[in-house]
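Listed here are the chains, written in short residue letters.
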Amino acid sequence: MNKLKNIKQFYLSHKFLYNIILLSILFFIHCFWGNMMYIVFPILAIIVCLDSLENGISYIIFCIPFCFMNIYISTLLYLACCLMYLIKFIIIKYIKEKRKPSTIIIILSALFFIYCLMPIGPYNLNLVLRLLIFISLFVVLCMICQNTEIFRAHFNVKLICFSIIISSIFSLTYFFSPYLQSYLVITHASNGTLPRFMALFYHTNVLGMFCEVLLAILAYYIISKKFTKTDLILFVVLAGIGMLTFSKTYLIILLFIMIVLLIWRLVVDFKRTAIITFLLAVIITAVCLIFPQIPNKVIDLFIRSLHDCDSFSSFMNMLTTQRYDLWVEYAKYIFANPLVLIFGAGLGAPVLSTLSPHNGYIAIIYELGIFGTILFGLTLFFILRKYIKGRKTKLHWPIFVPIVVLALIFMVEDLIFYVFQ
C-alpha cells in the first residue's frame, strides 16, 4: 500500500514532465499517421482541464509548433483547447476568486468582437479562426497583466524553444513518413538547390518568425542578466535552426539581434568582447575561404538579381522577395474603396489576386479598416497600460529588442492577419 502511495506521489510530483512526454509521443505518432490529431488534441483538452492553471497554459504553449500539421482541422482543434482553458480561467479567477476585471478592457474587447462579427465581409472559416486567435491573444495578455505567476513567462519561453527543437527532430521522419511527405511542401532557396527547413510548420517563414521572436526574447533575458546557461544554449540552437530556413528576413533580424548583443557586451566588458569578436571574425573568414560557396550563396540570396533591376519597383521586389507588388496591389484597392479603408473588408475577406498582402500594417487596414484598427489598438493599449501600472519595477530597456523585432516582422508578414484564401 505504501509502495502504491509512493508511486502516486512520485507521479504527481513529476506530472507535468510526464504529460509533456505523453504529448510528445502522440505528436511523434502523428507524424506517421495524421489522424492522431483527433486523439492528441482531446487528450490535451483533458490535461488542460484537470491540471493547474500554470501547467495548463504551458501545455498549450508547448503544442504550438505541432498545431499546424493540418492547417484548418488541427488548428481548430488546438484553438478549441485554448477556449476550454479560457473558460476554466474565467471560472476560477472571476467566479470562484471573485476578481474584478477591468471594465474598460471588457467594453473595448466586446466592441471589437461585435465589430468583427458585423456583416462587412464574408462569414467563413477564416473569420472563425481569427476570432479564436484574438480571444487567445487577449486572454494571454490579460493573464500576463493580472497573474504573472500563472503565465511563467521565462519558463514558457524556454519550453516553446524546446518544443521547436523537438518538432524539428520529429520533422526528419519526413524521409520515412508518407503522411509528412503528403503534407509538407518543401520549398527551396533562390538558386533552387538548397531546401528550406520548416520543421512541422505549414511554411518555412512561420518557423523563421517563431525563431526571430524567441531569439529576441532570449536576447532580452540575456541583456537583463536574467538568463541561465540553458538560455544561452537555446539561443545558439534556435539561431542554427532559423538559419536553415534561408530566409532573408530571418538573417536581417538575426544580424540586428547580434549587433545589439555585441554592443551590450562591448559596454559591459570591452576588452574580452573585442578579443572574442576578433577570433570569431578570423574563424568565419577562414571558413569562407575554405568553403567559398557559403558566402557566395548568402550574397546570391540578397543581390542575385540586382543587375536585372531596371526600376524602383523591380529593385523593391528583389529586396522584399516579390512582396512589393502585393503591397502596391492592396494599397491601391484600399484607397480606391473608401468603405474598405474606413471599415475594412472583414476578417473573412478573400485575397485580391493569389496571395495575402504579406505586410501586417496593410493587412490590418484591409481587414479591419481604420475604425477597426483603432479599436484593436485601443484594446491592446489598455491591457498593456494595466500591466505597466501593476508592475513594481520599471521595464528594462532591452524590452525594445523584441518590440523592434515584432515591428520589423510586421513589415513583411501578416502574422495573425494572414489571408488564407
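Since we're looking at a predicted model, the values are computed, not measured. (Residues numbered from 1 in each chain as written. Predicted model: local features only at pLDDT ≥ 70, side-chain atom pairs only at ≥ 80, totals over all residues. Heavy atoms only, no water.)

**A short note on the overall build of the protein chain**
Alright, step 1. A tally of helices and strands in the protein chain yields 20 helices and 0 strands.
Alright, step 2. Out of the 421 residues in the protein chain, the part that is buried amounts to 44%.
Alright, step 3. Taking all contacts inside the protein chain whose residues are at least 6 apart in sequence as the whole, residues at least 24 apart take part in 73%.
Alright, step 4. If you sum the accessible surface of the protein chain, you get close to 21,900 Å²; carbon and sulfur atoms cover 75% of it. (Helix = DSSP H or I, 4+ residues; strand = E, 2+ residues; numbered from the N terminus. Buried < 20%, exposed > 50% of the residue type's maximum accessible area, 1.4 Å probe, protein only. Contact = heavy atoms within 4.5 Å. Areas by Shrake-Rupley, 256 points an atom, 1.4 Å probe, with all protein chains shown as cover.)

**Points about the nonpolar core**
Alright, step 1. Formed by 84 residues in total, the largest nonpolar core has its most connected members in L23, F41, L44, Y78, Y85 and I257.
Alright, step 2. Among the elements that take part in this core, helix α11 (residues 204-223) stands out by supplying 13 residues, more than any other.
Alright, step 3. Those residues in contact with Y85 that sit more than four places away from it in its chain are V48, L53, G56, I57, I60, M143 and I150.
Alright, step 4. Judged by nonpolar contacts, the second largest core, of 22 residues, contains Y115, L127, A363 and I364. (Core = buried A, V, L, I, M, F, W, Y, C linked by side-chain atoms within 4.5 Å.)

**As for the packing of helix α13 (residues 248-268) against helix α20 (residues 400-412)**
Alright, step 1. Here α13 crosses α20 at 160°, and the two axes come no closer than 11 Å. If you check the angle between α13 and α20, you find them roughly antiparallel. Crossing angle aside, the handedness with which α13 passes α20 is right-handed. Along the contact surface, α13 presents T249, I253, F256, I257 and V260, while α20 presents V401, V404, V405, L408, I409 and V412.
Alright, step 2. Looking at side-chain class alone, the contact of α13 with α20 contains 10 nonpolar, 1 polar and no charged residues. (Axes fitted to C-alpha atoms, helices over the stretch in contact; angles between N-to-C directions. Parallel < 35°, antiparallel > 145°, perpendicular 65-115°, else oblique. Left-handed = near helix turned anticlockwise from the far one by under 90°. Nonpolar A, V, L, I, M, F, W, Y, C, P; charged D, E, K, R; others polar.)

**Quick look at the packing of aromatic side chains**
Alright, step 1. Under the counting rule described, the total for this entry stands at 24 aromatic pairs.
Alright, step 2. Ring centres 5.8 Å apart and planes at 85° place the aromatic pair Y174 and F175 in the edge-to-face group.
Alright, step 3. Among the residues examined, Y174 registers a relative accessible area of 22% and is labelled partly exposed.
Alright, step 4. Taken together, the aromatic side chains of F27, F28, F32, F41, F62, F66, Y78 and F170 make up a single cluster linked through ring pairs.
Alright, step 5. Its guanidinium or amino end placed over the ring of F16, R152 lies 5.9 Å from that ring's centre, counting from NZ or CZ.
Alright, step 6. Over the face of the ring belonging to W264 we find R265, whose NZ or CZ atom lies 5.2 Å from the ring centre. (Phe/Tyr/Trp six-rings, centres within 6.5 Å; stacked < 30°, edge-to-face > 60°. Lys NZ or Arg CZ within 6 Å of the ring centre and 35° of its normal.)

**Comments concerning the packing of α13 against helix α14 (residues 270-290)**
Geometrically, a packed helix pair is captured by the angle between its two axes and the distance between the axes.
Alright, step 1. Viewed as axis vectors pointing N to C, α13 and α14 meet at an angle of 135°, and their least axial separation amounts to 6 Å. One finds that α13 runs oblique with respect to α14. Contacts from L262, R265, L266 and V268 of α13 reach α14 at F270, T273, A274 and T277.
Alright, step 2. The residue inventory of the contact of α13 with α14, partitioned by class, reads 5 nonpolar, 2 polar and 1 charged.

**As for the side chain of R323**
Alright, step 1. Structurally, the position occupied by R323 is in helix α17 (residues 323-336).
Alright, step 2. Engagement of the side chain of R323 in a polar contact is seen with the side chain of E413, the distance being 2.6 Å.
Alright, step 3. Discounting chain neighbours no more than four positions away, the residues touching R323 are N205, N317, H358, V412 and E413. (Polar contact = N/O pair within 3.5 Å; in protein donor to acceptor, adjacent residues only side chain to side chain.)

**Side note on the confidence of the model for the protein chain**
Alright, step 1. Of the residues in the protein chain, 87% reach a pLDDT of 70 or more, and the chain-wide mean stands at 82.
Alright, step 2. Of all secondary-structure elements in the protein chain, the lowest mean pLDDT belongs to helix α1 (residues 2-13), at 51, while helix α9 (residues 153-170) reaches the highest, 93. (pLDDT = per-residue confidence, 0-100.)

**Structural notes on α11**
Alright, step 1. With 20 residues, α11 ought to run about 28 Å at 1.5 Å a step, and its terminal C-alpha atoms sit 29 Å apart, in line with that.
Alright, step 2. The buried count for α11 comes to 17 of 20 residues, which makes it a mostly enclosed element.
Alright, step 3. Backbone geometry just downstream of α11 places K225 in the positive-phi region, at approximately 60°. (Expected span 1.5 Å × (residues − 1).)

**Description of α9**
Alright, step 1. Over its 18 residues, α9 extends 25 Å from the first C-alpha to the last, a length consistent with the 26 Å expected when each residue adds 1.5 Å.
Alright, step 2. Judged by how many residues are buried, α9 sits mostly within the fold: 13 of 18 residues are covered.

**Regarding the state of the cysteines**
Alright, step 1. Taken as a whole, this structure holds 0 disulfides when the rule is applied.
Alright, step 2. Between C67, a free cysteine, and C82, which holds the nearest cysteine sulfur, the sulfur-to-sulfur gap is 7.9 Å. (Disulfide = S-S within 2.5 Å.)

**Let's talk about the pattern of salt bridges**
Alright, step 1. What the rule picks out here adds up to 4 salt bridges.
Alright, step 2. For D51, the salt bridge goes to K15, with nearest N and O atoms at 3.5 Å. Here the residue D51 occupies a position in the loop between α3 (37-50) and α4 (53-62), and K15 occupies one in helix α2 (residues 15-30), the gap between them amounting to 36 residues. (Salt bridge = Lys/Arg side-chain N within 4 Å of Asp/Glu carboxyl O.)

**So, the environment of V260**
Alright, step 1. Of note, V260 is situated in helix α13.
Alright, step 2. When its relative accessible area of 16% is taken as the criterion, V260 is described as buried.
Alright, step 3. Each C-alpha atom of the pair V260 and V401 lies 8.1 Å from the other, and the pair is 141 residues apart in sequence.
Alright, step 4. Discounting residues that sit within four places of it in the chain, V260 has contacts with I223 and V401.

**Things to note about the environment of Y59**
Alright, step 1. With respect to the helices and strands, Y59 occurs in helix α4.
Alright, step 2. Judged by relative accessible area, which is 0%, Y59 ranks as buried.
Alright, step 3. Between the C-alpha atoms of Y59 and F16, which are 43 residues apart in sequence, the distance is 8.5 Å.
Alright, step 4. In terms of polar contacts, Y59 uses its side chain to reach the side chain of D51, at 2.6 Å.

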